[in-house]
Amino acid sequence: MVSRVPLAVRLPSPTEAVGDHRFARHGVRLLLKRDDLIHPELTGNKWRKLAPNLLAAKGRTIVTFGGAYSNHLRATAAAGRLLGLPTVGVVRGDELADRPLNPSLARCAADGMRLHFVDRSTYRGKTDPRTLGTLLHATGAEDAYVVPEGGSNAEAVRGCRALGEELRGHADVVAVACGTGGTLAGLAAGLAPGQRALGIPVLRGGFLPAEVRALQEDAFGARRGSWSLDDRFHCGGYARTSPELDSFAEDFEQRHGLPVERLYVAKLLYGLLVLTEEGAFPPGTTVAAVVTGRPFPEP
């Protein structure tokens, strides 16, 4: 049995110190965990979550879910092309079916993913067995391996545990932007005692604490590690930004020469700066920020 996905990836990903006086003047040392360098097309937490699911699929068609700008859909489509696996993306919003594809969905289609658009009510019910069965029948993929929205399931959480293990001894706090919570759930489980994980949600709604707990229970049988969430930095929801966030991201790029992805990474870094200025981290704290991806389209 194949024990790893046959694809060249850079693991462990590099950890880099960043000299930034806005953190340093508060006695906080900032590190960047460069998961964006894992692979040119399968970056960051998307690869860590997808890899164990690709193994579990054993060559079957992959069916997964996402919105019109889903990073997860793009990563799954790219993985399918690179590994020769058929992929189907169930996309939220049947009104999109008759419109030109946006750049994100166009990339999915170019990578060979079949796109199936559904109305929002059906999409909300996608975890119901009957609704899921109907969707699989409609896509002609009854025997497919199903990966949930955002790629977060027990396999993905166990895959992300390695992220925490790679950061043992490097930081007091490890922070990551969160969509569906799988990366945070695995990260926290992999950290050493005395380290803690911090999640910065990019969606509003306050649902993630329960989701992260449930994911850890599915993956490990119980809550693991020390973790918390701060949901003040989502800028109104997924795929939403603000002039203040854009200005911060542009400034960070100029200071450090790092292209800052706006939907996840910018919100994470901005949140860490605000928390630092609020005194949330005692002087002498080392904070590692997980860079989970690069801007799309590539600059």
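Residues numbered from 1 in each chain as written. Predicted model: local features only at pLDDT ≥ 70, side-chain atom pairs only at ≥ 80, totals over all residues. Heavy atoms only, no water.

As for the overall build of the chain
- Of regular secondary structure, the chain possesses eleven helices and ten strands.
- Taken over the C-alpha trace, the chain has a radius of gyration of 19 Å; the compact-globule value for 299 residues is 19 Å, and the two agree within 12%.
- In terms of its C-alpha atoms, the chain occupies a principal-axis envelope of roughly 60 × 40 × 35 Å.
- Burial analysis of the chain (299 residues in total) assigns 53% to the buried set.
- Counting every atom, the chain has about 13,000 Å² of accessible surface; 50% of that belongs to carbon and sulfur.
- Distance between charge centroids for the chain: 3 Å, based on 36 positive and 32 negative side chains. (Helix = DSSP H or I, 4+ residues; strand = E, 2+ residues; numbered from the N terminus. Rg over C-alpha atoms; globule rule 2.2 N^0.38 Å. Buried < 20%, exposed > 50% of the residue type's maximum accessible area, 1.4 Å probe, protein only. Areas by Shrake-Rupley, 256 points an atom, 1.4 Å probe, with all protein chains shown as cover. Lys, Arg positive; Asp, Glu negative; His and termini not counted. Charge placed at Lys NZ, Arg CZ, Asp CG, Glu CD.)

Some remarks on the sheet that holds strand S5 (residues 114–118)
- With parallel pairing, the four strands of this open sheet are ordered in space as S5-S4-S3-S6. Where the open sheet ends on each side, the last strands, each with one partner, are S5 and strand S6 (145–146).
- In the sheet, strand S4 (residues 87–92) pairs with S5 via five bridges, with the strands oriented parallel. For arginine 92, the partnering residue across the bridge sits in S5 and is valine 118. (Pairing = 2+ DSSP bridges.)

Side note on unusual backbone geometry
- Note that the residue after leucine 11, namely proline 12, is joined by a cis bond; omega there is -5°.
- The backbone of lysine 58 shows a phi angle near 50°, a positive value even though the residue is not glycine.
- Secondary-structure assignment places lysine 58 in the loop between helix H2 (44–57) and strand S3 (62–66).
- Phi at alanine 239 is positive, roughly 65°, even though this residue is not glycine.

Quick look at the packing of helix H7 (residues 154–166) against helix H8 (residues 182–190)
- The geometry of H7 relative to H8 is characterised by a closest axis approach of 6 Å and an angle of 50° between their N-to-C directions. Classified by the interaxial angle, the pair formed by H7 and H8 is oblique. Note on packing geometry: the crossing formed by H7 with H8 is right-handed. Where H7 approaches H8, its residues Val157, Cys160, Arg161, Leu163, Gly164 and Glu165 are matched on the opposing element by Gly182, Thr183, Ala185, Gly186, Leu187, Ala189 and Gly190.
- For the contact of H7 with H8, the residue count by class is six nonpolar, five polar and two charged. (Axes fitted to C-alpha atoms, helices over the stretch in contact; angles between N-to-C directions. Parallel < 35°, antiparallel > 145°, perpendicular 65-115°, else oblique. Left-handed = near helix turned anticlockwise from the far one by under 90°. Contact = heavy atoms within 4.5 Å. Nonpolar A, V, L, I, M, F, W, Y, C, P; charged D, E, K, R; others polar.)

A short note on the sheet that holds strand S7 (residues 173–178)
- Strand order across the open sheet formed by six strands is S1-S2-S10-S7-S8-S9, with mixed pairing between neighbours. Here the strands that pair on one side only, and so sit at the sheet edges, are strand S1 (15–18) and strand S9 (227–229). Averaged over all pairs of adjacent strands, the angle between strand axes in this sheet comes to 25°, irrespective of strand direction.
- The pairing of S1 with strand S2 (residues 29–33) spans four bridges and is antiparallel. Looking at the pairing, threonine 15 lines up with lysine 33 of S2.

Remarks on H8
- Counting buried residues in H8 gives nine out of nine residues, a clear majority hidden from the surface.
- Each element contacted by the buried residues of H8 is listed here: H2, H7, S7, strand S8 (196–201), helix H9 (208–220) and S9.

Considering the side chain of aspartate 36
- In this structure, aspartate 36 sits in the loop between S2 and H2.
- When near neighbours in sequence (up to four residues on either side) are disregarded, aspartate 36 contacts Thr43, Gly44, Leu258, Val291, Gly293 and Arg294.

Considering the nonpolar core
- One finds Leu198, Leu269, Leu272 and Phe281 to be the most contacted residues of the largest nonpolar core, which totals 33 residues.
- Of all the elements in the fold, those that place two or more residues in this core are S2, S7, S8, helix H10 (243–256), helix H11 (265–277) and strand S10 (286–290).
- If we ignore the near neighbours within four places in the chain, the residues touching leucine 269 are Phe23, Leu32, Phe248, Phe252, Val260 and Ala289.
- Residues Ala171, Leu187, Leu208 and Ala288 belong to the second largest nonpolar core, which totals 24 residues. (Core = buried A, V, L, I, M, F, W, Y, C linked by side-chain atoms within 4.5 Å.)

Side note on the packing of H8 against H9
- Remark: H8 packs on H9, axes separated minimally by 9 Å, with the N-to-C direction vectors making an angle of 55°. The orientation of H8 with respect to H9, classified from their angle, is oblique. When you trace H8 past H9, the crossing you get is right-handed. Touching Gly182, Leu184, Ala185, Ala188 and Ala189 of H8 are Val212, Leu215, Gln216 and Phe220, all from H9.
- Residue classes in the contact of H8 with H9 are distributed as seven nonpolar, two polar and no charged.

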